There are 2 protein chains.
Amino acid sequence: MTKPCIICVAITGSLPRKAHNPAVPVTVEEQIESTHAAFEAGASICHAHVRNEDETPSSDPETFARLKEGLEKHCPGMVIQFSTGGRSGAGKERGGMLPLRPDMASLSVGSNNFPSRVYENPPDLVDWLAAEMLVHDVKPEIEAFDLSHIHQAARMQADGRLKGPLYIQFVMGVKNAMPADRDVFDYYVKTVNRLLPGAEWCAAGIGQHQLTLNEWCVAEGGHART
Amino acid sequence: MTKPCIICVAITGSLPRKAHNPAVPVTVEEQIESTHAAFEAGASICHAHVRNEDETPSSDPETFARLKEGLEKHCPGMVIQFSTGGRSGAGKERGGMLPLRPDMASLSVGSNNFPSRVYENPPDLVDWLAAEMLVHDVKPEIEAFDLSHIHQAARMQADGRLKGPLYIQFVMGVKNAMPADRDVFDYYVKTVNRLLPGAEWCAAGIGQHQLTLNEWCVAEGGHART
Ligand SMILES: [Zn+2]
Ligand SMILES: [Zn+2]
Ligand SMILES: [Zn+2]
Ligand SMILES: [Zn+2]
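Let us look at the structure shown here.

Reading the values: rules and limits
- The numbering scheme is per chain: residues are counted from 1 as the chain's sequence reads.
- Key to labels: chains lettered from A, ligands numbered from 1, both in the order written.
- The model is predicted, so local features are restricted to residues of pLDDT at least 70 and side-chain atom pairs to those at 80 or more, both for listing and for counting; the totals for chains, interfaces and linings are taken over all residues.
- Side-chain figures throughout are based on the complete set of non-hydrogen atoms in the structure, without hydrogens or water.
- Counting from the N terminus, the helices are the DSSP runs of H or I reaching at least four residues and the strands are the DSSP runs of E reaching at least two.
- As defined in this context, the radius of gyration uses C-alpha atoms, and a globule is described by 2.2 Å times the residue total to the power 0.38.
- Working definition: with a 1.4 Å probe on protein chains only, accessible area under 20% of the residue-type maximum means buried, over 50% means exposed, and in between means partly exposed.
- In this tally Asp and Glu are treated as negative and Lys and Arg as positive; neither His nor the chain ends contributes.
- Charge positions are represented by NZ for Lys, CZ for Arg, CG for Asp and CD for Glu.
- Within this scheme, the nonpolar core is defined by two criteria: the residues are buried Ala, Val, Leu, Ile, Met, Phe, Trp, Tyr or Cys, and they are joined through side-chain atoms within 4.5 Å.
- Every residue pair with non-hydrogen atoms within 4.5 Å of one another is taken to be in contact.
- Sodium, potassium and calcium take a 3.2 Å donor cutoff, other metals 2.8 Å, and in both cases only N, O and S atoms count; water is not among them, so sites may look incomplete.
- For this analysis, a ring pair means two rings from Phe, Tyr or Trp (six-membered ring only for Trp) whose centres lie within 6.5 Å, classed as stacked if their planes differ by under 30 degrees, edge-to-face if by over 60, and tilted for the remaining angles.
- When two parts are brought into contact, each loses some accessible area as probed by a 1.4 Å sphere; the total of that loss over both is the buried area.
- Salt bridges are defined as contacts in which a side-chain nitrogen from Lys or Arg sits within 4 Å of a carboxyl oxygen from Asp or Glu.
- Any N or O atom pair separated by 3.5 Å or less is treated as a polar contact, with the protein-specific requirement of one donor-capable and one acceptor-capable atom, and with residues adjacent in sequence counted only for side-chain atom pairs.
- Under this grouping Gly is polar, as are all residues other than the nonpolar Ala, Val, Leu, Ile, Met, Phe, Trp, Tyr, Cys and Pro and the charged Asp, Glu, Lys and Arg.
- Alignment of copies: least-squares fit on C-alpha atoms of residues with pLDDT of at least 70 in both copies.
- At least two bridges found by DSSP between two strands are what make those strands a pair.
- Here a crossover is taken to be right-handed if, once the strands point away from the viewer, the path from the first strand over the helix to the second is traced clockwise.
- To obtain an axis, a line is fitted to C-alpha atoms, over the contacting stretch when the element is a helix, and the angle between two such axes runs from 0 to 180 degrees between their N-to-C directions.
- Each angle is binned into one of four classes, with values under 35 degrees roughly parallel, values over 145 roughly antiparallel, values of 65 to 115 roughly perpendicular, and all other values oblique.
- A clockwise turn of the near helix away from the far one marks a right-handed crossing, whereas an anticlockwise turn of less than a right angle marks a left-handed crossing.
- To estimate how far a helix should extend, the number of its residues minus one is multiplied by 1.5 Å.

This next bit is on the overall build of chain A. A count of helices and strands for chain A gives six helices and twelve strands. On C-alpha atoms alone, chain A measures out to a radius of gyration of 16 Å, which is about the 17 Å that the 2.2 N^0.38 rule sets for 226 residues. Overall, chain A is about 45 × 35 × 35 Å in size when its C-alpha atoms are taken along their principal axes. Scored against the burial criterion, the 226 residues of chain A give a buried share of 54%. In chain A, 21 side chains carry a positive charge and 28 a negative one; their mean positions are 4 Å apart.

Structure follows, in C-alpha cells:
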C-alpha cells in the first residue's frame, strides 16, 4: 500500500442548507474559500455540487463555470469533480455542465432507493452522460450504491461506453440502500479487483458512517473522502 | 441438503404475448390448465401474473380471484403466489389483490434498473405492500435484484415490517442490473445465511440464464424456479 492516498473533499453536497448548519458553504465564493482550506490541508480532489440563490440544488452550467474558474485560481492542480447526481436536475440537465470539461464528474450507472424516494438513473440517461464524458474527456467517478453498479461499470468499460482505468466510489450507509457493512465493503473491493483490475476505488459513508468508511478505506488501500 | 426441493413454476410472466409465443398461457383458463400440468409434474409453488383481455399486464383483483379459485380447484395444496411486480400497475394498485389472501406474494424491497427503464419501488410503497401482507397473512417472496435488497429485507424483518422466516429469491441475468455471476450467487447465499438464518432462498435466471441458475440452486441447497 505505498501508493499515495488521494483525499477527496466533498464540499456542500446537495442537501444541507444554512438553516441546518450555518457553516455549510453555499455561495460559489464560500465554496471556493472552504475548498481552498481543504486544499491547503492536503485534499487533492474536490467533489462539487452547486446551488441556486435560494440554496436549492442546481445544475446551472454558469454557476459551475464560476466555481471552476475560482478553484483553478485558488487551488492550482486540484482535481475538480462535478456532481451529475439526481438531486440537482432532471434528465439531461444533470450533465449540462460537462462541456466545461471538469477533470472528473460523478456518474451513477444504476438505480436504487434513497431514504424517501427512488434515485432514478434510467439506462438511456446513464448512457448519454457516459457519452458526454467521453466526448469532453471527463473522467467519471462511478458512484456504486449497490453491487450491480460495479458489474454495470465493468460492462460499460468492456464495450467502450466508459474509458478505463475506472475510479469507483462505494457509497454506504444510505437508508433503504446499502448499509455500512464491513463484509460488503470487503466484497466490493474483491469485486473491483476481479472485474476491473487497475481500477482505483474510494468509499463514502453517509453521515455518522463517514469516519468508519475512511478507516476501512485507508486500511485496504483505497482513497478517502472527507 | 436433505430438505425437499420446492419447485416454483412462473406461469405467463408479465411481458410475453401470444404474438411472440403462441404457447404462452394468457387467459385465466389457459393459466389454470398450464399450471395444472406443472403441478402434476411436481411443481409446488405457482408464481402468477394476470392479463387484461388485450394481453397487457393487469393487477385487476377480480382476475386474480378467478385464477385463485381455479387453481385451488385444479391444483389442491399448491402454493399460490401473486406478483406485486411493477409492470402490472402503478403504486398501490400493485397490491390490490392482497386482500384475496394468496399463500404468498412477491415483494421487491428496493429499486434497480431494468433493460430499458427504472424498476421503481419507492420506500413508502414497499412499506405499504409489506403492511398489507402482514394484515392479510400473505407470506412475501423477496425479489432480490441486487445485494442491498437482501440487507433491506433483513432490516425489515428485524423491525417487524416483515414476518420471518423469509423466503428470498435472487433474480439474476437482468440487463443493466445483476448478471448471472456465480461469485455473486455464492455471496448472496452467504449473505442470507449471515443476516437471515432460517430463511429459505431460491433463484430465478432471466431468459437463457434460467437453467444455469437452477443448476446452481440445486447444487447449493436452494429451491428452483422453472
Ligand atoms: Zn472520492
Ligand atoms: Zn455528491
Ligand atoms: Zn421461486
Ligand atoms: Zn413475476
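With that settled, consider the nonpolar core. One finds A:I168, A:F170, A:F185, B:I168, B:F170 and B:F185 to be the most contacted residues of the largest nonpolar core, which totals 106 residues. Not counting the four nearest positions on each side in its chain, A:F170 is found in contact with A:A144, A:I150, A:F185, A:Y188, A:V189, A:V192, A:W201, A:C202, A:A203 and A:A204.

Those donors, A:H47 (NE2) and A:H49 (NE2), are the protein atoms that reach the zinc ion (ligand 2), and they lie 2.0 to 2.1 Å from it. Each member of the pair, A:H47 together with A:H49, is buried.

Turning our attention to the packing of aromatic side chains. One pass over the structure, following the stated rule, counts 19 aromatic pairs over all chains. Geometrically, the ring pair formed by A:Y187 and B:Y187 is stacked, given 3.9 Å between the ring centres and 5° between the ring planes. With A:Y187 in helix α5 (residues 182–195) and B:Y187 in helix α5 (residues 182–195), this pair bridges two chains. Each member of the pair A:Y187 and B:Y187 is classed as buried. Taking the centre distance of 4.5 Å and the plane angle of 10° together, the rings of B:F114 and B:Y119 count as stacked. Here B:F114 matches B:Y119 in class, with each residue buried. Ring pairing ties together the aromatic residues A:F170, A:F185, A:Y188, A:W201 and A:W216, which thus form one cluster.

Contacts between the two partners involve 31 residues from chain A, matched on the other side by 31 residues from chain B. The junction of chain A with chain B conceals about 2400 Å² of combined surface from both sides, 50% of it contributed by carbon and sulfur atoms. At the junction of chain A with chain B, the criterion picks out six salt bridges. In this structure, B:K190 and A:D183 form a salt bridge, with 3.4 Å as the shortest nitrogen-oxygen distance. The tally of links from chain A across to chain B stands at 20 residue pairs in polar contact (both at pLDDT 80 or more). Top contributing element to the side of chain A that touches chain B by residue count: helix α4 (residues 147–158) of chain A, with six residues. Split into classes, the residues belonging to the side of chain A that touches chain B amount to twelve nonpolar, eleven polar and eight charged.

Rotating chain A by 180° about the axis while translating it 0.0 Å along that axis superimposes it on chain B, leaving an RMSD of 0.0 Å. Read as a symmetry element, the transformation amounts to a two-fold axis. Considering only C-alpha atoms, the residue of chain A closest to the rotation axis is A:N112, which sits at 2.6 Å. In this assembly, 100% of the residues forming the interface of chain A have copies in chain B that are likewise at the interface, indicating an isologous arrangement.

As a further point, take the pairing of strand β9 (residues 139–144) of chain B. Residue and element names in this part refer to chain B. For β9, the buried fraction is high: five of the six residues fall into the buried class. In the sheet, strand β6 (residues 104–107) pairs with β9 via four bridges, with the strands oriented parallel. Along β9, the bridge assignment pairs M104 with K139. The handedness of the β9 to strand β10 (residues 167–172) crossover, carried by helix α4 (residues 147–158), is right-handed.

Quick look at the packing of α5(B) against helix α6 (residues 210–220) of chain B now. Residue and element names in this part refer to chain B. For the pair α5 and α6, interaxial distance at closest approach is 12 Å and the crossing angle is 40°. As far as their axial angle goes, α6 and α5 are oblique. In this structure, the crossing between α5 and α6 has a hand that is right-handed. Each of R182, F185 and D186 in α5 lies in contact with α6, whose residues at this interface are L213, W216, C217 and E220.

All names here are of chain A. The first and last C-alpha atoms of helix α2 (residues 61–74) sit 20 Å apart over 14 residues, in line with the 20 Å expected at 1.5 Å per residue. T63, F64, L67, K68, G70 and L71 are the residues of α2 that are buried. On its buried face, α2 sits against α1 (28–40), β2 (45–48), β3 (50–51), β4 (57–58) and β5 (79–82).

Bringing unusual backbone geometry into the picture now. Residues and elements named next belong to chain A. At the junction of G164 and P165, the peptide bond is cis and its omega measures out at -5° in the coordinates. Tracing the chain through its elements places P165 in the loop between α4 and β10 (167–172). Although it is not a glycine, R101 adopts a positive phi angle of roughly 55°. Within the fold, R101 resides in the loop between β5 and β6 (104–107).

With that settled, consider α4(B). All names here are of chain B. If you check α4, its first and last C-alpha atoms are 17 Å apart, about what twelve residues at 1.5 Å a residue would give, namely 16 Å. Buried within α4 are the following residues: L147, S148, H149, I150, H151, Q152, A153, A154 and M156. G160 sits one or two positions beyond α4 and adopts a positive phi of about 90°.

Moving on, we get to the pattern of salt bridges. Side chains that differ in sign of charge can pair as their charged atoms come close. One pass over the full model with this rule turns up 20 salt bridges over all chains. When the shortest N-O distance is used, the salt bridge between A:R194 and B:D183 registers 3.8 Å. With one member in each of two chains, A:R194 in helix α5 and B:D183 in helix α5 form a pair that bridges those chains. Given the relative accessible area of 36%, A:R194 is considered partly exposed. When the shortest N-O distance is used, the salt bridge between B:K68 and B:E72 registers 3.1 Å. Taken together, the residues B:K68 and B:E72, both in helix α2 (residues 61–74) and four residues apart, mark about one turn of the helix. Its relative accessible area of 44% is what places B:E72 among the partly exposed residues. One network of salt bridges, with partners in common, ties together A:D181, A:D183, B:K190 and B:R194.

Scope: geometric values only; no functional claims are made or implied.
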